[in-house]
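# Tertiary structure, described
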Amino acid sequence: AQSVTQLDSHVSVSEGTPVLLRCNYSSSYSPSLFWYVQHPNKGLQLLLKYTSAATLVKGINGFEAEFKKSETSFHLTKPSAHMSDAAEYFCVVTPYDSGGGADGLTFGKGTHLIIQP
Amino acid sequence: GAGVSQSPRYKVAKRGQDVALRCDPISGHVSLFWYQQALGQGPEFLTYFQNEAQLDKSGLPSDRFFAERPEGSVSTLKIQRTQQEDSAVYLCASSLFSDRVHGYTFGSGTRLTVV
């Protein structure tokens, strides 16, 4: 079984200040973890993924996330927020699996990121 | 194609009506997933295809939901006798690989409203 908890339903930051979106997970297996972003009326876009390689993962648009097994966390950060970052962000877990099997992606409930001018 | 295409973008159905939602994955993608996203929630897994084989349908909420991918490319999600609780955005995703870890390309979804 696996689950994802996004600790904040809404986060508001000023443009140019750092962004922190928090995510904790639980998984019976060594997990793969993703962050996706969803802009209004747009499809989900992959920001970054962790698949048991380097624990600090760099993604698109200046975002990065650090996998911390001891804390079961995978928080998303960005040093300086831009207005275009305003969107819904989803933390996602799936059990590492090299050959199919059951269970798709398990999504968190999402964090709405608001950027103040 | 360049991305995952879903049609229609919007669908309004009267309660009790049957609907069919289409997904055109990226050409050559092996894996195809359907997800249901209720308002204000994260997407929830419905079903998974590897080529034409439906390997997992554990997320389908009732026997009114049926999905197929007969030739291993285009997939259709059918909902019979729609109910108001079926109102949601239905997302399709595809992946080149058959494993789960490489990330997926999502379509923009079909927003279904049952009135």
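Look above for the structure.
Now for a description of the structure that goes with this document. Not measured: the values here are computed from a predicted model.

## Notes on the overall build of chain A
- When its secondary structure is counted, chain A shows zero helices and twelve strands.
- Against the 2.2 N^0.38 benchmark of 13 Å for 117 residues, chain A shows a C-alpha radius of gyration of 14 Å, consistent with a compact globule.
- Seen along its three principal axes, the alpha-carbon backbone of chain A occupies a region of about 45 × 30 × 20 Å.
- Buried positions account for 44% of the 117 residues belonging to chain A.
- Within chain A, contacts between residues separated by at least 24 positions form 59% of all contacts whose residues are at least 6 apart in sequence.

## A word on the nonpolar core
- A:W35, A:L48, A:F74, A:L76 and A:Y89 are the most contacted members of the largest nonpolar core, which totals 26 residues.
- Residue contributions to this core peak at four residues, all from strand β10 (residues 87–95) of chain A.
- Residues in contact with A:L48, not counting those within four places in the same chain, are A:L33, A:F34, A:W35, A:V57, A:K58, A:G59, A:F63, A:E64, A:A65, A:F74 and A:L76.
- B:C23, B:I26, B:L60 and B:I79 belong to the second largest nonpolar core, which has 20 residues in total.

## Structural notes on the pattern of salt bridges
- A full pass over the atoms with the stated rule returns six salt bridges over all chains.
- Between A:K58 and A:E64 there is a salt bridge, with the nearest N and O atoms lying 2.8 Å from each other.
- Of the charged contacts in the structure, one is a salt bridge between B:R64 and B:D86, with a shortest N-O distance of 2.8 Å. Residue B:R64 is found in the loop between β6 (53–56) and β7 (65–68), and its partner B:D86 is found in the loop between β8 (75–79) and β9 (88–95); the two are separated by 22 residues along the sequence.
- Judged by its relative accessible area of 3%, B:D86 falls in the buried class.

## A short note on the pairing of strand β2 (residues 10–14) of chain A
All names here are of chain A.
- Side chains V11 and V13 of β2 all project onto a buried face; the interleaved residues H10, S12 and S14 project onto a face where none is buried.
- Sheet topology note: the β2/strand β12 (residues 111–116) ladder contains five bridges and is parallel. The residue of β12 that forms the bridge with H10 is H112.

## Description of unusual backbone geometry
Residue and element names in this part refer to chain B.
- For the bond from S7 to P8, the omega torsion is -10°, close enough to zero to count as cis.
- Considering the arrangement of structural elements, one finds P8 in the loop between β1 (5–7) and β2 (10–13).
- In the Ramachandran plot, R81 falls in the positive-phi region, its phi being about 50° despite a non-glycine side chain.
- Tracing the chain through its elements places R81 in the loop between β8 and β9.

## Quick look at the packing of aromatic side chains
- Tallied over the entire structure, the rule returns 18 aromatic pairs over all chains.
- Each ring, one from A:F34 and one from B:Y104, has its centre 6.5 Å from the other, and the planes form 55°; the classification is tilted. On the criterion of chain membership, the pair formed by A:F34 in strand β5 (residues 31–38) and B:Y104 in the loop between β9 and β10 (105–106) is interchain, its members lying in two chains.
- Judged by its relative accessible area of 0%, A:F34 is buried.
- What makes B:Y104 buried here is its relative accessible area of 5%.
- Measuring from centroid to centroid gives 6.5 Å for B:F65 and B:Y90, while their planes differ by 40°, and the two rings are tilted. In this pair, B:F65 is assigned in strand β7 and B:Y90 in strand β9, connecting sequence segments 25 residues apart.
- Exposure remark for B:F65: the relative accessible area of 4% places this residue in the buried category.
- According to the relative accessible area criterion, B:Y90 is buried, its value standing at 0%.
- Three or more aromatic residues joined by ring pairs make a cluster, and in this case those are A:F34, A:Y36, A:F90, A:F107, B:F33, B:Y35, B:F45, B:Y48, B:Y104 and B:F106.

## Structural notes on the sheet that holds β1(B)
All names here are of chain B.
- Taken in spatial order, the four strands make up an open sheet running β1-β3-β8-β7, and their pairing is antiparallel. With one partner strand each, in any of the chains shown, β1 and β7 form the two edges of the open sheet. On average, each strand axis in the sheet is tilted by 15° relative to the strand beside it, whichever way the strands run.
- By the bridge criterion, three bridges tie β1 to strand β3 (residues 19–24) in an arrangement that is antiparallel. Residue pairing for β3: S5 is matched across the bridge by D24.

Conventions and cut-offs
Residues numbered from 1 in each chain as written. Chains lettered and ligands numbered in written order. Predicted model: local features only at pLDDT ≥ 70, side-chain atom pairs only at ≥ 80, totals over all residues. Heavy atoms only, no water. Helix = DSSP H or I, 4+ residues; strand = E, 2+ residues; numbered from the N terminus. Rg over C-alpha atoms; globule rule 2.2 N^0.38 Å. Buried < 20%, exposed > 50% of the residue type's maximum accessible area, 1.4 Å probe, protein only. Contact = heavy atoms within 4.5 Å. Core = buried A, V, L, I, M, F, W, Y, C linked by side-chain atoms within 4.5 Å. Salt bridge = Lys/Arg side-chain N within 4 Å of Asp/Glu carboxyl O. Pairing = 2+ DSSP bridges. Phe/Tyr/Trp six-rings, centres within 6.5 Å; stacked < 30°, edge-to-face > 60°. Axes fitted to C-alpha atoms, helices over the stretch in contact; angles between N-to-C directions.

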